[in-house]
Amino acid sequence: MAARFTQDFTAYANEAAEETFSLIRTVRVYGTEGKELGRYNNWLEKLTFVSCQESLAYGLWNMSFHTLYRSMQVFAVMLGGMSIMTGHVSTEQLTKYILYCEWLIYATWRMVDNVSSLLQAIGASENVFQLMQLSPSDQFLSKGVKLQRLMGQVQFVDVSFHYPLRPTVPVLEHLNFSIEANEVVAVVGLSGSGKTTLVNLLLRLYEPVNGQIYIDGFPLRELDMNWLKENIGYVEQDPQLFHTSVKSNITYGCNRDIKMEDIESAAKVAYAHDFISSLPDGYESLVDSNLLSGGQKQRIAIARAILRNPVILVLDEATSALDSETEHHVRGVLQAIKNDANAKRTVIIIAHRLSTIKAADRIIIMDGGQIVELGSHNELLVKDGLYSKLIKLQADFLA
């Protein structure tokens, strides 16, 4: 138990230190250095207490053992000497007895000491054993169906979902809608309405609690996910870039042969080519947290998705960090995708900035994990429902 607490408190202290250093800008801005230091010291104090208790117990064990051991030696010599004097045992017999006792006691001490070390190792590796006993997800075990040609039709049938740690809080409830191939569909709603969860289910990062998701009429869980992900482009709200070159980040996950012209073309479509060219080493520049702004990271992520030439393109708040001019250009890209007969692509847009999704074929309005409105921009404005209210609120905010 002590070994388990030692490992846990050490992990918590390291986590507090790592989190503080990774968010050092936020800590400095809010002046919470003392609070974070106190949080770190709190775990160290608990670790010190457990370590002292463990050391005290081990010390008492050693002291008790050696005291008993030496007492038995004295007792054996005194009793043996009296037995020799009375003629009950010989000197040879007493010597053998004492040596046997020495070996037996020493072996017992070594065994108990090794058991203590073994218990410490078990406590340190308990979480590892728990992870090893978990079964891998089906999407990594099964080799599912690979369609000859992916069209991009998506259908949610009676889909419900809640997170495992919050089974009583439904996130999505009985969703029923379909997205036709080559259609541009936007999903809009207040924060917490389930928009991003819907995308996570489509990417099979989670499994629905009830219902089924279909791609081109095939259940999602029956498709080969590695094959499907090669045909899906995803741009998240806060894209994570690797600490490699800009070129490597754009080509990340693209298995086909890529030429430099293809990379530059994708970057130009995402309006990232100009700022990439201005970097010290251009496309070979190393990406770090201080080199690129949030909007630049998003444009690189958009270029990465475009380079894959996906059949299904998912944009989860992909323009949230873009300036107005760049967002205007990206909206132009979406309009071009919609109007290009050769670009067979289904586009799903998650957005708070409603100006991004006016050109969508259909707009899905979500509230409380359910679809409350569905239609085009003009149709929803006529209904004067939640979408119309959101448009007016955003217009009043920008006024």
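Our subject in this report is the structure included herewith. Note that this is a predicted model, so its numbers are computed, not measured.

So, the overall build of the protein
Inference 1: Tallying secondary structure elements over the protein gives 15 helices and ten strands in all.
Inference 2: Counting the 399 residues in the protein, one finds 38% classified as buried.
Inference 3: Long-range pairs, those at least 24 residues apart, make up 68% of the contacts in the protein between residues at least 6 apart in sequence.
Inference 4: Carbon together with sulfur atoms contributes 58% to the accessible area of the protein, which is approximately 23700 Å² in total.

Quick notes on the sheet that holds strand β6 (residues 232-235)
Inference 1: Across the sheet, which stays open at both edges, the six strands sit in the order β6-β7-β8-β3-β9-β10 with mixed pairing between neighbours. The open sheet has two edge strands with one neighbour each: β6 and β10 (370-375). Averaged over neighbouring strand pairs, the angle between their axes works out to 15° when direction is ignored.
Inference 2: Two strands pair when backbone bridges link them, and strand β3 (residues 184-189) and strand β8 (residues 346-350) are joined in this way by four bridges, in the parallel orientation. Considered in β8, the bridge of Val-184 is made with Val-347.
Inference 3: Across the face of the sheet, helix α12 (residues 294-307) comes into contact with β6 and β7 (312-316) while running at roughly 175° to β6.

A few points about the side chain of Ser-285
Inference 1: Along the chain, Ser-285 falls in the loop between α11 (273-277) and α12.
Inference 2: Given the relative accessible area of 3%, Ser-285 is considered buried.
Inference 3: Reaching out from Ser-285, the side chain makes a polar contact with the backbone oxygen of Gly-282 at a distance of 3.0 Å.

Looking at a nonpolar patch on the surface
Inference 1: Where nonpolar side chains cluster on the molecular surface, the patch consists of Leu-56, Leu-60 and Met-63 and spans about 300 Å² of accessible area.
Inference 2: Of note, Met-63 is situated in helix α3 (residues 33-86).

Regarding the packing of aromatic side chains
Inference 1: In the structure shown here, the tally under the stated rule is six aromatic pairs.
Inference 2: The interplanar angle of 45° and the centroid separation of 4.7 Å between the aromatic rings of Tyr-12 and Trp-43 together place this pair among those described as tilted. With Tyr-12 in helix α1 (residues 2-22) and Trp-43 in helix α3, the pair connects residues that are 31 residues apart, well separated along the chain.
Inference 3: Here the aromatic cluster, defined as three or more aromatic residues joined through ring pairs, consists of Phe-161, Tyr-163 and Tyr-206.

Some remarks on the nonpolar core
Inference 1: Core analysis: the biggest nonpolar cluster contains 38 residues, and Ile-250, Ile-276, Ile-300, Ile-349, Ile-357 and Ile-363 have the highest contact counts within it.
Inference 2: By residue number, the principal contributor to this core is α12, which donates six residues.
Inference 3: Beyond its immediate chain neighbours, meaning those up to four positions away, Ile-250 contacts Ile-263, Ile-276, Tyr-283, Ile-300, Ala-303, Arg-304 and Leu-307.

Remarks on the pairing of β8
Inference 1: Counting buried positions along β8 gives five out of five residues, so the element sits mostly inside the fold.
Inference 2: Across the two faces of β8 the burial is the same, with Thr-346, Ile-348 and Ile-350 and Val-347 and Ile-349 all buried.
Inference 3: Bridge count between β7 and β8: five bridges; the pairing is parallel. Note that in β8 the partner of Leu-315 across the bridge is Ile-349.

Thoughts on unusual backbone geometry
Inference 1: Phi angles above zero are rare outside glycine, and Tyr-271 is one such case at about 55°.
Inference 2: Relative to the helices and strands, Tyr-271 is located in the loop between α10 (260-269) and α11.
Inference 3: For Tyr-271, a relative accessible area of 35% corresponds to the partly exposed category.
Inference 4: You will see that Asn-309, though not glycine, has its phi angle at about 50°, which is positive.
Inference 5: Along the polypeptide, Asn-309 turns up in the loop between α12 and β7.

Comments concerning the pattern of salt bridges
Inference 1: Under the criterion given, the structure shown has five salt bridges.
Inference 2: Between Arg-39 and Glu-19 there is a salt bridge; the shortest N-O distance is 3.1 Å. With Arg-39 in helix α3 and Glu-19 in helix α1, this residue pair connects regions lying 20 residues apart in the sequence.
Inference 3: Using a relative accessible area of 32% as the deciding quantity, one classes Arg-39 as partly exposed.
Inference 4: The exposure class of Glu-19 is partly exposed, given its relative accessible area of 37%.
Inference 5: For Glu-207, the salt bridge is made with Arg-204, and the minimal N-O distance between the two is 2.6 Å.
Inference 6: By sharing partners, the salt bridges in this structure join Glu-19, Glu-36 and Arg-39 into a single network.

Digging into α10
Inference 1: Every buried residue belonging to α10 is among Ile-263, Ala-266 and Ala-267, and all of these are buried. Along the axis of α10, the buried residues cluster in a sector spanning 100°; they form a single face.
Inference 2: Buried residues along α10 sit against α9 (246-250), α11 and α12.
Inference 3: Looking at the residues trailing α10, positive phi occurs at Tyr-271, about 55°.

Examining the sheet that holds strand β5 (residues 218-219)
Strands in a sheet are paired, the pairing made by backbone hydrogen bonds, and the direction either parallel or antiparallel.
Inference 1: With antiparallel pairing, four strands are arranged side by side in an open sheet as β2-β1-β4-β5. Strands with a single pairing partner mark the edges of an open sheet, and in this sheet they are β2 (172-179) and β5.
Inference 2: Two elements, strand β1 (residues 154-161) and β2, share five bridges in a ladder whose sense is antiparallel. Residue pairing in the sheet places Val-154 in a bridge with Ile-179 of β2.
Inference 3: Sitting on the sheet, helix α7 (residues 195-202) touches β1, β2 and β4 (210-215), and the angle it makes with β1 is about 115°.

Conventions used here
Residues numbered from 1 in each chain as written. Predicted model: local features only at pLDDT ≥ 70, side-chain atom pairs only at ≥ 80, totals over all residues. Heavy atoms only, no water. Helix = DSSP H or I, 4+ residues; strand = E, 2+ residues; numbered from the N terminus. Buried < 20%, exposed > 50% of the residue type's maximum accessible area, 1.4 Å probe, protein only. Contact = heavy atoms within 4.5 Å. Areas by Shrake-Rupley, 256 points an atom, 1.4 Å probe, with all protein chains shown as cover. Pairing = 2+ DSSP bridges. Axes fitted to C-alpha atoms, helices over the stretch in contact; angles between N-to-C directions. Polar contact = N/O pair within 3.5 Å; in protein donor to acceptor, adjacent residues only side chain to side chain. Patch = residues over 30% accessible without salt bridge, like charges linked within 9 Å, V, L, I, M, F, W, Y side chains within 5 Å. Salt bridge = Lys/Arg side-chain N within 4 Å of Asp/Glu carboxyl O. Phe/Tyr/Trp six-rings, centres within 6.5 Å; stacked < 30°, edge-to-face > 60°. Core = buried A, V, L, I, M, F, W, Y, C linked by side-chain atoms within 4.5 Å. Arc of directions from axis to C-beta.

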